[in-house]
Structures are given as structure tokens and as C-alpha cells.
Amino acid sequence: MNRLNLSGKIVLITGANGGIGSAIAKSIIEYNGIPILHYHKNNENVVALTAEYNKKGIKLYSCNFDIRNEKEVKEGIKSIIKEFGHLDSLVNNAGIVSRGFIPTLSLNTLNKVLDTNVIGNFSVLKNVAQVMINQKYGNIVNISSLAGSTGLKGQAAYSMSKASIDSMTRIAAKELAMYNVRVNAVAPGYVSAGMLENPSEQDIGYMRQIPMKRYAYDYEVADLVTFLLSDASSYITGQILVIDGGLSISL
Amino acid sequence: MDSRKTKIKELIISRLNLKITPAQFGDDAKLFVSKDEGGIGLDSVDTLEIAVGLMNEFDIEISDEDMHIFESINTIDKFIGENL
């Protein structure tokens, strides 16, 4: 048996309209999973992906709710259970980035980032956990960032929010293990959608620091997520798996 | 026997795999007092299981602020009645 095969598992991916979200959806399909593509305001990539796979005879499912509104989260998850009867896995991917140094970071900006990246992700995790406790099985992968453990100067709100995701992952893993639910996180370093045609001076500077001298491709992050969703990682829980081309060991 | 209280008892017995029948489960029996002292002998981890089960069964919300309701079947039933 191929333990990497997702064998028809239903996987909710929040923030599936973004680059990494779309890549995760593609990887899940490649490994025979069934992704449910969540989006909130923008859905052009979800629409394009759906059309692309429709042409190949593969139907994609999507859903729309604001993760910052717990009522909408509950309704969204209820709809998924009504449609599919169960939910095997969650990829908690929705998030926003923002720039700002601590001494000048406004509480407005900080609250905005925490509202989506922490409260929003928490709401989804909490309500999906309830479903998985009732099912007595499940699998959750949170998308964190290397910034969560190292702290990126100039990205205070984002770094703090991802540190919270790391903590949420560990706590949820401990609380849900008895229900046969694994919870892990993936913490990427720098990621680009594809080969950087014309890297900026800033990109070149960043890449110099990375032992592998390049950014991750989004499909590399996606494949790590799919590994965690599969039975090939069946004894892994509570872990924050870093994927950074060696950056963290060179800092 | 009140059918909702019976449902609550059956849910707790089933989810926690308790070796008692609903008829043996007193409405006023203290859930977290040890069996030796006449209670049901549950622990805090069991609360999560019960809470999630009740939320699913009765379509209500139970949060960390409501943990005081898990004293007995009567207190749980009262809470559910107030929140349906």
C-alpha cells in the first residue's frame, strides 16, 4: 500500500486562493485527495483551478466564509459535513502578511493581523476539532512560518502571529491525540511561486543567506503538507516542520 | 424518566464507555466525585468529550465559561433547556 496516497480523503484548505493554498490543493489532488477550496474575498485562482481540473474531468469543491467570524466558520463547516458526511483533514492556511517594526507598529495593524492569523485560524481549528472529536479521527496541518520561531525584524505582527500558530499546534496535538487526531505545522522560509525571473536586490540578498541559495517552490511546501496529511507521517504529531533550504541553521 | 435527561445519560455512558445503565445514573449524582464517594468518577478530560458530544447532539454552544454546568445530569439538563 502506498502510504502517501490520500485515498479520497476530504481536506478543507482555508485561504486556497493564495499561491501556497492553490499549490496545496494541486498536491492533494495529485495524491488522490479531495480538496475543498475555501476563500473569502478573492476567488479568481479558485475559479481558474476549478476550470482547469474540470477540463480533466475532476470536480473541485469550494466554500466561502470569513474565518474572523466564528458564526460563519461554524456554518461553513456545518455545510461541509452536510455535503460530505465527514471531514478527514484541515489545512489551516489562511493568513495575511504585513510589515512593521515594533516601535512604530500600530495596534490597528497588529489587531488586523492577529484577527486573521490567530483568531481566525483558531476559530477554524476549534470548530474542526469538535467535528474530529466526534469522528474519533482527523488530521490538521497549520501553515506557520520560520518567522514564528526566529522573529523577522520588520515583520513584527506577522512573526508574533505565527509564533501563536506554533503554540496552538503543540497544544492541539496534545489535546486531540486521544481522539486519534494529529496536529502539525509547516513553517516555510522564503517561498516563491516559481523561478524568480528577475530577482530584486533584496531577493538576491536573502538568497545569499540560504545554504541552498534559492527560495522554496510553492509545490515543495505543498508536498510537505501532503506528507503530513498522509499515513506516511502517522507517528508525527505536535511538530513544526521547517522547510527553508537551510536558512534557520545559518542564522 | 425525562427523555432529555435519559439522552444526556446515554450520551455520557456511550462516549465515556461507562459500565452503568441510565437507570443506575442518578440525576443528582456528582459527575466528578469519585465512585467510592458515591459519584460517577469522571475527570476533567472527560468534560471535553461530554461537551463536544452535547454540542453535537443538541446543537448548542458550550464554552470554557460554562464548565460549572458539569456538576450533575440535572445541572447539564437545566443548561441545555435554557440554551435550546
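Note that the structure is predicted; figures quoted are calculated from it, not measured. (Residues numbered from 1 in each chain as written. Chains lettered and ligands numbered in written order. Predicted model: local features only at pLDDT ≥ 70, side-chain atom pairs only at ≥ 80, totals over all residues.)

A. A look at the overall build of chain A. Of the regular secondary structure elements, chain A holds nine helices and nine strands. In terms of overall dimensions, chain A is globule-like: its C-alpha atoms have a radius of gyration of 18 Å, near the 18 Å expected for 251 residues. For chain A, the spread of C-alpha atoms along the principal axes amounts to about 50 × 40 × 35 Å. Expressed as a percentage of contacts within chain A between residues at least 6 apart in sequence, the contacts between residues at least 24 apart total 73%. (Helix = DSSP H or I, 4+ residues; strand = E, 2+ residues; numbered from the N terminus. Rg over C-alpha atoms; globule rule 2.2 N^0.38 Å. Contact = placed C-beta atoms within 7 Å.)

B. Representation of the environment of S192 of chain A in the model. Relative to the helices and strands, S192 of chain A resides in strand β7 (residues 191-192). For S192 of chain A and D218 of chain A, which are 26 residues apart along the polypeptide, the C-alpha to C-alpha distance reads 6.1 Å.

C. Representation of the confidence of the model for chain B. Residue and element names in this part refer to chain B. When pLDDT is averaged along chain B, the result is 92; 99% of the residues meet or exceed 70. Put simply, helix α2 (residues 44-58) is where chain B has its lowest mean pLDDT, 92, and helix α3 (residues 73-83) is where it has its highest, 96. Interface confidence for the predicted complex, given as ipTM, is 0.81, next to a pTM of 0.92. (pLDDT = per-residue confidence, 0-100.)

D. Seen up close, the packing of helix α1 (residues 3-16) of chain B against α2 of chain B. Residues and elements named next belong to chain B. At a closest axis distance of 10 Å, the pairing of α1 and α2 adopts a crossing angle of 130°. Accordingly, the angle class assigned to the pair α1 and α2 is oblique. When the axes of α1 and α2 are compared, the crossing they make is right-handed. Packed against α1, whose contacting residues are K7, L11, I12, R15 and L16, the element α2 presents D46, E49, I50, G53, L54 and E57 at the interface. (Axes fitted to C-alpha atoms, helices over the stretch in contact; angles between N-to-C directions. Parallel < 35°, antiparallel > 145°, perpendicular 65-115°, else oblique. Left-handed = near helix turned anticlockwise from the far one by under 90°.)

E. Looking closely at the sheet that holds strand β4 (residues 89-92) of chain A. Residue and element names in this part refer to chain A. Strand order in the open sheet formed by seven strands is β3-β2-β1-β4-β5-β6-β9, with parallel pairing between adjacent strands. Because the sheet does not close on itself, it has two edges, and the strands there are β3 (61-64) and β9 (240-243). This sheet shows a mean twist of 20° between the axes of neighbouring strands, independent of strand direction. As judged from the four bridges shared by β4 and strand β5 (residues 138-143), these two strands associate in the parallel manner. Looking across to β5, one finds that N92 is bridged to N142. (Pairing = 2+ DSSP bridges.)

F. Spatial organisation of the nonpolar core. Ranked by internal contacts, the top residues of the largest apolar core, which has 61 residues, are I13, I24, V128, V186 and V225 of chain A. Ranked by the residues each element gives to this core, the list is headed by helix α4 (residues 107-135) of chain A, at eight residues. Discounting residues that sit within four places of it in the chain, V186 of chain A has contacts with V141, I143, S144, V221, L224, V225, L228, L241 and I243 of chain A. Membership of the second largest hydrophobic core comes to 14 residues, among which are L31, I50, L54 and I69 of chain B. (Core = buried A, V, L, I, M, F, W, Y, C linked by C-beta atoms within 7 Å. Buried ≥ 20, exposed ≤ 12 C-beta atoms within 10 Å, placed from the backbone.)

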